[in-house]
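# Observations on the three-dimensional arrangement
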Amino acid sequence: MPMIQGRISILLANFAGVVGISASQVCNAADVTAPIKLVASDARAYDVGATCLALAANQLAIGVRGRDDGGMNRGAVYLFSESASGWAQYQKVTPALPVDHEEFGEAVAITSGWLGIGGPKSDRNGIDSGTAWIFQSNGANFVEIARLASPTSVIGGSFGCSVALNVSAAQPVMVIGAQREIVSGIKSGAVHVFERTSDGSWNSIARLNATGVPTENDEFGHTVSISGNRIFVGMPGDDTTMVNAGSVFVFVRSGSSWLFEAELFAPNPQELAEFGANISASGDRVAVGSYREDGTFTNCGRVHLFVRGLAGWTLEQTLESPVPNVGGEFGCSLSLDGDSLAVGADQESNSAIKSGKTHLFRHSTSGQWIPVASIHSTQSQSQEFAGVTVGVSSGHVAFGAPFRSGSNPYEGSAFVVNLSADCDSDFIPDLAEIASGAFDCNENAIPDSCDIAAGMPDTNGNGVPDQCEVTPCLGDIVQTGFVDAVDLATILAVWGTNGSPYPRADTNHDGIINGLDLSTLLSGWGPCPN
């Protein structure tokens with residue numbers, strides 16, 4: 001059935017014109033600002049950068065499909081790495097022979113010295129037939145080693161619309177979606193699997209198709225993911241349950257073949273929900289985005305997590321945004337890394353309309369996925385659509401804001417925040433705890449409670465490290481050397497709370513500002529003793 005094609009096309013149009021989440025869980029999602037902004041070194045106006053990104057530990061690949069470089073929409077991919085001095089760009093990747101309009105960088109995958117890139121608009125083998133590339137690191141930079149085309153290349157096939165890599169096997173594997181490729185005379189989509197042979201060449205070893213009768217614009221292969229010996233394929237236009245309700249196919253390797261294992265559906269399919277528009281797998285778990293699904297609000301979006309056990313694939317949990325918006329499109333992008341899940345909601349509003357957010361969930365010891373941080377860009381801009389693409393790896397979270405303006409209008413940028421630190425091992429990142437009100441008086445990005453637990457002196461036991469206490473006066477909340485009306489006004493302003501952002505207001509460190517703290521303040525009224 002007909003469906004709107006392409007996430008970025010939808011954003012361009014906008015720009016131009018089950019297990020639920022409990023209330024207690026929602027309250028635990030801290031509002032976090034991503035402090036690191038990354039922009040291509042040669043960014044230009046209307047590049048619309050970071051429409052796609054891939055994150056692997058301290059390596060980040062950012063696709064800029066609108067990059068012109070002497071032509072039109074040739075595309076480029078920019079590589080950044082993190083060192084002790086921070087994040088920095090170290091390479092710009094383009095094809096050996098760039099071609100106009102192929103949008104190199106529309107899809108990106110990076111892992112352990114390998115880089116996969118898709119250009120679904122490439123005309124090299126027919127108009128919009130698509131092309132994919134494989135690059136390998138030589139220790140300093142990535143070098144192009146193969147350019148791949150669909151073995152069944154057709155005009156408009158969009159080969160390269162999605163890519164995924166698995167290099168942990170004996171022979172590295174690349175999975176490539178071709179969401180409009182013809183199957184049985186219908187443009188329903190296909191997926192191709194390539195494998196690196198012992199002589200270093202990359203050969204096609206399988207073409208995967210949806211089971212059942214194909215229909216026009218099923219978009220099988222719109223998104224792909226691989227984990228171990230399993231491939232996951234999203235088909236957001238699947239009409240099996242309802243029109244464009246969507247589904248996800250699972251294939252498992254058996255010897256040299258890839259066999260159909262399961263088809264996954266939303267627990268309560270909805271028309272036009274596009275379940276499977278985004279997927280991400282890790283281990284025996286897969287997260288599936290259904291970004292147009294109605295939940296608390298219309299088109300607020302949902303994410304469904306499935307796990308594989310003795311009974312096969314079963315629904316684990318359904319998630320909604322901690323701060324759902326009408327049309328927020330939670331689930332428009334996903335990245336799953338072990339017990340961490342990043343979910344984009346590119347049309348949720350923050351301080352600016354449709355600025356977008358990225359939500360981080362953690363799998364807790366209770367077996368539930370809980371929201372721990374709602375992340376937004378620094379000085380958010382209206383309709384920058386932050387979160388249209390996301391990545392999570394080793395505690396880092398990255399997201400793209402393609403319509404972000406900086407030195408150039410709509411040059412696009414990516415943002416990164418490190419949420420790996422968790423000093424008390426409670427599954428809540430330290431920065432999220434601080435954002436939620438945990439005290440960090442010395443601003444070292446570690447809650448004071450952890451500093452003290454690690455041995456930092458707190459002589460009077462008030463929960464404030466001694467190094468932060470300029471005077472010995474418990475009532476000198478703002479540390480002026482006097483206990484006076486300013487301190488009284490401060491303690492009244494945070495009455496009944498834990499004192500944030502004034503940790504000294506809780507003079508007895510019992511977690512609440514009340515009459516005991518007021519009594520301490522009044523008893524020390526006047527100048528502090530020397």
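Residues numbered from 1 in each chain as written. Predicted model: local features only at pLDDT ≥ 70, side-chain atom pairs only at ≥ 80, totals over all residues. Heavy atoms only, no water.

Glancing now at the sheet that holds strand β11 (residues 159–166). With antiparallel pairing, four strands are arranged side by side in an open sheet as β11-β12-β15-β16. In this open sheet, the two strands that pair with only one neighbour each are β11 and β16 (202–208). Neighbouring strand axes in the sheet, compared pairwise and without regard to direction, differ in orientation by 25° on average. Alignment of strand β12 (residues 173–178) against strand β15 (residues 190–196), held across six bridges, turns out to be antiparallel. If you follow M174 over to β15, its bridge partner there is F194. (Pairing = 2+ DSSP bridges. Helix = DSSP H or I, 4+ residues; strand = E, 2+ residues; numbered from the N terminus. Axes fitted to C-alpha atoms, helices over the stretch in contact; angles between N-to-C directions.)

So, on to the state of the cysteines. The term disulfide refers to a covalent linkage connecting the sulfur atoms of a pair of cysteines. Within the structure shown, the criterion is met by one disulfide. In this model C423 forms its disulfide with C450; the gap between the sulfur atoms is 1.8 Å. Handedness here is read from the sign of the S-S torsion; for C423 and C450, about 70°, the answer is right-handed. With C423 in the loop between β31 (413–418) and α3 (430–435) and C450 in helix α4 (residues 448–453), the pair connects residues that are 27 residues apart, well separated along the chain. Residue class for C423 comes out partly exposed when judged on its relative accessible area of 35%. There is no disulfide at C52, and the cysteine sulfur nearest it, in C161, is 11 Å away. Among the residues examined, C161 registers a relative accessible area of 13% and is labelled buried. (Disulfide = S-S within 2.5 Å. Buried < 20%, exposed > 50% of the residue type's maximum accessible area, 1.4 Å probe, protein only.)

All right, on to the environment of P503 then. Mapped onto the fold, P503 is located in the loop between α5 (485–493) and α6 (515–523). A residue is classified by how much of its surface remains accessible, and P503, at 17% relative accessible area, is buried. Distance from P503 to N514, taken between C-alpha atoms, is 13 Å for residues eleven residues apart in sequence. Apart from residues lying up to four places away in sequence, P503 is in contact with F439 and V464. (Contact = heavy atoms within 4.5 Å.)

Attention now goes to the packing of aromatic side chains. Per the stated rule, a full pass over the model turns up 15 aromatic pairs. Between F104 and W133, the aromatic rings sit 4.9 Å apart at their centres with planes inclined by 75°, giving edge-to-face as the arrangement. Taken together, the positions of F104 in the loop between β6 (86–93) and β7 (107–111) and W133 in strand β9 (residues 131–137) put the pair 29 residues apart, joining distant regions of the chain. Taken as a pair, F104 and W133 share a single burial class, namely buried. Summarising the aromatic geometry, the rings of F232 and W313 are spaced 5.5 Å apart at their centres and angled 90° between planes, so their arrangement reads as edge-to-face. Here W313 lies in strand β24 (residues 312–319) and F232 lies in strand β18 (residues 230–235), a separation of 81 residues in the sequence. Overall, W313 belongs to the buried group, its relative accessible area being 13%. Through successive ring pairs, a cluster of aromatic residues spans F220, F249, F251 and F260. (Phe/Tyr/Trp six-rings, centres within 6.5 Å; stacked < 30°, edge-to-face > 60°.)

Let's shift gears to the pattern of salt bridges. Here the structure, examined in full by the defined rule, presents 19 salt bridges. A salt bridge links D69 to K92; the shortest N-O distance between them is 2.8 Å. One end of the pair, D69, is in the loop between β4 (59–64) and β5 (76–83); the other, K92, is in strand β6, and 23 residues separate them in sequence. When the shortest N-O distance is used, the salt bridge between R308 and D284 registers 3.0 Å. One end of the pair, R308, is in strand β23 (residues 302–309); the other, D284, is in the loop between β21 (278–282) and β22 (285–290), and 24 residues separate them in sequence. Exposure remark for D284: the relative accessible area of 39% places this residue in the partly exposed category. (Salt bridge = Lys/Arg side-chain N within 4 Å of Asp/Glu carboxyl O.)

Another aspect to go through is the side chain of R285. Examined against the element boundaries, R285 turns out to sit in strand β22. Separated by 2.9 Å, the side chains of R285 and E316 make a polar contact. Excluding residues within four positions of it along the chain, R285 makes contact with S280, L305, F306, V307, W313, E316, L336, G338, H363 and W369. (Polar contact = N/O pair within 3.5 Å; in protein donor to acceptor, adjacent residues only side chain to side chain.)

Interpretation note: all reported values are geometric properties and have no functional meaning in isolation.
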